[in-house]
Amino acid sequence: MDERVLYSLPVIIFGFIAIGFATWLARDVLGRDTGTTGMQDIAGRIFQGALAYLNRQYRTIAVLALGVAVLMGVLVAIFENEHQVARGTITALAFIVGALLSGISGFIGMYVAVRSNVRTAAAAQRSLGEALIVALRGGAVSGFLVIALGLLGVLGVFYAVYGFAAEGQFGRVAETPFWIVGFAFGASFVALFAQLGGGIYTKAADVGADLVGKVEAGIPEDDPRNPAVIADLVGDNVGDCAGRGADLFESSAAEIIGAMILGVALFRASGGDVNTRDIAWIFFPLVIGSFGLLSSLIGVLAVRPGRTPKDPMGELNRGFYVTAGLSAVSLFIVCFWMLPHGAFQYAICGLIGIATSLAFVYITQYYTAGTWRPVQTIAEASKTGSATNIISGISVGFETVAMPALAISAALLSSYYLGRSVDFPDGELVSGGIFGTAVATMGMLMSAAYILAMDCFGPITDNAGGIVEMSDQPDTVRDVTDALDSVGNTTKALTKGYAVGTAALAAFLLFSAFLDEVDRFKVGGIGARVVNLADPKVFVGGLIGAALVFLFSSLAIRAVGRAAGDMIEEVRRQFRADPGIMAGTSTPDYARCVDISVRGALREMVLPGALAVVVPILVGVILKWEAAAGMLMIGTIVGVLLAIVLNNGGGAWDNAKKFIEAGGLKDDNGTILGKGSEAHAASVVGDTVGDPWKDTAGPSLHVLIKLLATITLVLSPLFI
């Protein structure tokens, strides 16, 4: 059997098994009880609002994407050194395909989540265990479809382009990965706008609902009298499900293509024979991803709680441990089956990636779960007001950087030197160290389907709690959804930490792929493997990259502030104009608040998104590839650290509020300081500050990091 076909089979087989499994999960969830008429009415409003937003958002993104695709195709055709028209056309078409599949991934994530929320609420009437199963399986539909689409999409584009790629010294199989990088750029482009727009939408609604409803009017979080409550519930889905679905699709696609490009160098170092296992270096990232899908599938099935599980988070963790364990076994199987050199060393590199994902899970739990010191410190600071709550929250956010940075550093160094120890027939041609870091990234991404299931679990349970409260269900039902919502807050924080970790490893991988692409042009007659930080152009490029991260974050947070201001004024207006709303005799105008969030998100996402695309192009065109490399290196480092601060700091503020609401904070006399206390009011302010941190700027930053990498990779001929 042809080696290419042999290594493609696991991707095709496991990819379609994952799609079949997701279909089975969807039928299982959608076939369940939809609860009372009141529950169905509220869920219908959420569903309509989410669809209305995504339809308008994707129309906007489509116009932007088409314009960028044409521009990029023209630039590549002009500045490429050979096969100009073919490279430009294929790059533009691959960009469109990547953008389209990224958009579909986001839509799938949102659609299933908003159909699962009411079924989770209905299941909560019966037992905690059943509600947990419904929410996890609803989130898993998105996880498996998104990752399967990423794997099958990359493989499909590879074979579609294969027939058009130049023959080259080592054949088409070695040239094709360089021709399909537009696919990764298209996925990154859509993911940035989906994550950014969704984050602005959800936090504009959330801040408006909290400040006017909870703080000013003194009504519960999901009270049906709050005009912004439906917009808030819609926002959970378009931000955490649609945005994260597009994000993880982009992660898997970009990192696989980057690793395939690095694999080309090892293919050449092994001898470059397409009829032997040499070709495995190029297909290895795809095969590893497909085995990760299978491991995640078994992990989801391993979550089988009883009616009243004592620790819902422990149930989800068990599924993750099963996924990680099976991924570790799969790594050794695939490495010894495929790789002609260094199978053991690269298998250990993959284990390092899996261990890094576990480390990020524990680190993020420590800083964002209410059972540990950081969150309790913020809650304690709330006793003396909003100012001390804010000071404590910022301090915790800055503290969270240290351990993840050490974990990333350990993963990169250990995997690099392990990979470097592998001997190749043409040892002078390439070091396997960079590929070692790529395998570590692949190992970390093997659990991506399960991680996305845990991420979508959060907004599903959050929505379920809102539906239960708005439909006036008994306190016993709300207790079930509150328990799941608390777990959901932690899982959302975990997945953001995981996404930042993968972004850091992947950015190094993609940076190396960028140098490989530049090296193909033999700049100045020598290789481009060394970037001199003492070169003023490199230093300036790095400075601009760091500044871009802060400016982008500022614009994202400011966008939430402006959009939230419009929401606050609208909620106040409705309360003033119709006293019957607070009396419970009138129905608020929910649709008006949804429309305000939609318009605000679409208006505000354009500037920071455009900045993220334009700045790296200008740096590369004006200061050339060395400056682009400096921008990519320093921008990645600063972006990763700031994303950790924003994600974990915001998550800690959120759970400090939840800790107080659950009765965890007491005064010196042992009296519980819960809802309605001054400490609770201070924690609401802190949570409001943290909202745009953890749900808008933070998640958008790790997409920005990978966008910088993919745009410089695609347009590298322009920068030389």
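No experiment lies behind these values; they were computed from the predicted model shown.

Engineer: Can you break down the overall build of the protein residue by residue, with the values?
Structural biologist: Along the protein, the regular secondary structure elements total 21 helices and zero strands. For the protein, the C-alpha radius of gyration of 25 Å lies close to 27 Å, the compact-globule estimate for 720 residues. Expressed along its principal axes, the backbone C-alpha trace of the protein runs to roughly 75 × 50 × 45 Å. Counting the 720 residues in the protein, one finds 66% classified as buried. Across the protein, contacts joining residues at least 24 apart in sequence account for 84% of those joining residues at least 6 apart. Summing over all exposed atoms, the protein offers an accessible surface of approximately 23000 Å²; the carbon and sulfur share of this is 64%. Considering the protein, the positive charge centre built from 47 side chains and the negative charge centre built from 59 side chains are found 2 Å apart.

Engineer: Go over a nonpolar patch on the surface, please, and point to the residues and values.
Structural biologist: A contiguous nonpolar patch, built from Val-5, Leu-9, Ile-13 and Ile-17 and spanning about 290 Å² of accessible area, is present on the exposed surface. Within the fold, Leu-9 resides in helix α1 (residues 3–30).

Engineer: Explain the pattern of salt bridges to me, using residue names and the numbers behind them.
Structural biologist: Within the structure shown, the criterion is met by 28 salt bridges. With its nearest N and O atoms 2.7 Å apart, the salt bridge here joins Glu-604 to Arg-562. Here Glu-604 is found in helix α19 (residues 590–604), whereas its partner Arg-562 is found in helix α17 (residues 536–577), with 42 residues between them in sequence. On the basis of relative accessibility, which here comes to 7%, the residue Glu-604 falls in the buried class. The exposure class assigned to Arg-562 is partly exposed, which follows from its relative accessible area of 40%. Three or more residues are tied together by salt bridges with common partners; here these are Lys-203, Asp-206, Asp-654, Lys-658, Asp-691, Lys-694 and Asp-695.

Engineer: Lay out the packing of aromatic side chains in plain terms, naming residues and giving numbers.
Structural biologist: For the structure on display, the rule yields 25 aromatic pairs. Aromatic side chains Trp-653 and Trp-693 sit 5.1 Å apart centroid to centroid with 70 degrees between the ring planes, which places their arrangement in the edge-to-face category. Remark: Trp-693 occurs in helix α21 (residues 678–714) and Trp-653 occurs in helix α20 (residues 606–661); sequence separation between them is 40 residues. Judged by its relative accessible area of 0%, Trp-653 is buried. Residue classification places Trp-693 among the buried residues on the basis of a relative accessible area of 13%. By the ring-pair criterion, three or more aromatic residues cluster together here, those being Phe-95, Phe-185, Phe-189 and Phe-193. The ring of Tyr-162 has Arg-4 lying over it, and the distance from NZ or CZ to the ring centre is 4.6 Å. Positioned over the ring face of Phe-47 is Arg-115, at 5.8 Å from the centre of the ring.

Engineer: Any details on unusual backbone geometry? Residues and values, ideally.
Structural biologist: Its identity is not glycine, yet Asp-472 carries a phi of approximately 60 degrees, on the positive side. One can find Asp-472 in the loop between α15 (448–470) and α16 (475–519). Even without being glycine, Lys-624 reaches a positive phi, approximately 75 degrees. As for its placement among the helices and strands, Lys-624 is situated in helix α20.

Cut-offs and rules
- Residue numbering note: each chain is counted from 1, following its sequence as written.
- For this predicted model, a pLDDT threshold of at least 70 governs which residues receive local features, and a threshold of 80 or more governs which side-chain atom pairs are given and counted, while totals over whole chains, interfaces and linings are taken from all residues.
- To get the side-chain values, all heavy atoms of the structure are used, and hydrogens and water are removed first.
- Each helix is a run of DSSP H or I of at least 4 residues and each strand a run of E of at least 2, with the numbering of both proceeding from the N terminus.
- Two things to know: the radius of gyration comes from C-alpha atoms, and the globule rule equals 2.2 Å times the number of residues to the power 0.38.
- Residue exposure (1.4 Å probe, protein chains only): buried if accessible area is under 20% of the type maximum, exposed if over 50%, otherwise partly exposed.
- The contact criterion used is simple: two residues touch if any of their non-hydrogen atoms lie within 4.5 Å.
- The Shrake-Rupley method, run with a 1.4 Å probe, gives the accessible areas here. Residue values count only the displayed protein chains as cover.
- The charged-residue count follows a simple rule in which Lys and Arg add positive charge and Asp and Glu add negative charge, with His and chain termini not counted at all.
- Charged side chains are reduced to one point each, which is NZ for Lys, CZ for Arg, CG for Asp and CD for Glu.
- Every patch collects residues that have over 30% relative accessible area and no salt bridge, joining them within 9 Å if they carry like charges and within 5 Å if they are nonpolar side chains (Val, Leu, Ile, Met, Phe, Trp, Tyr).
- When a carboxyl oxygen of Asp or Glu lies within 4 Å of a side-chain nitrogen of Lys or Arg, that pair is called a salt bridge.
- Side-chain rings of Phe, Tyr and Trp, where Trp is taken by its six-membered ring, are said to pair if the distance between their centres is within 6.5 Å; with planes under 30 degrees apart they count as stacked, over 60 as edge-to-face, and otherwise as tilted.
- In this scheme, the term charge over a ring applies when either NZ of a lysine or CZ of an arginine sits within 6 Å of the ring centre and within 35 degrees of the ring normal.

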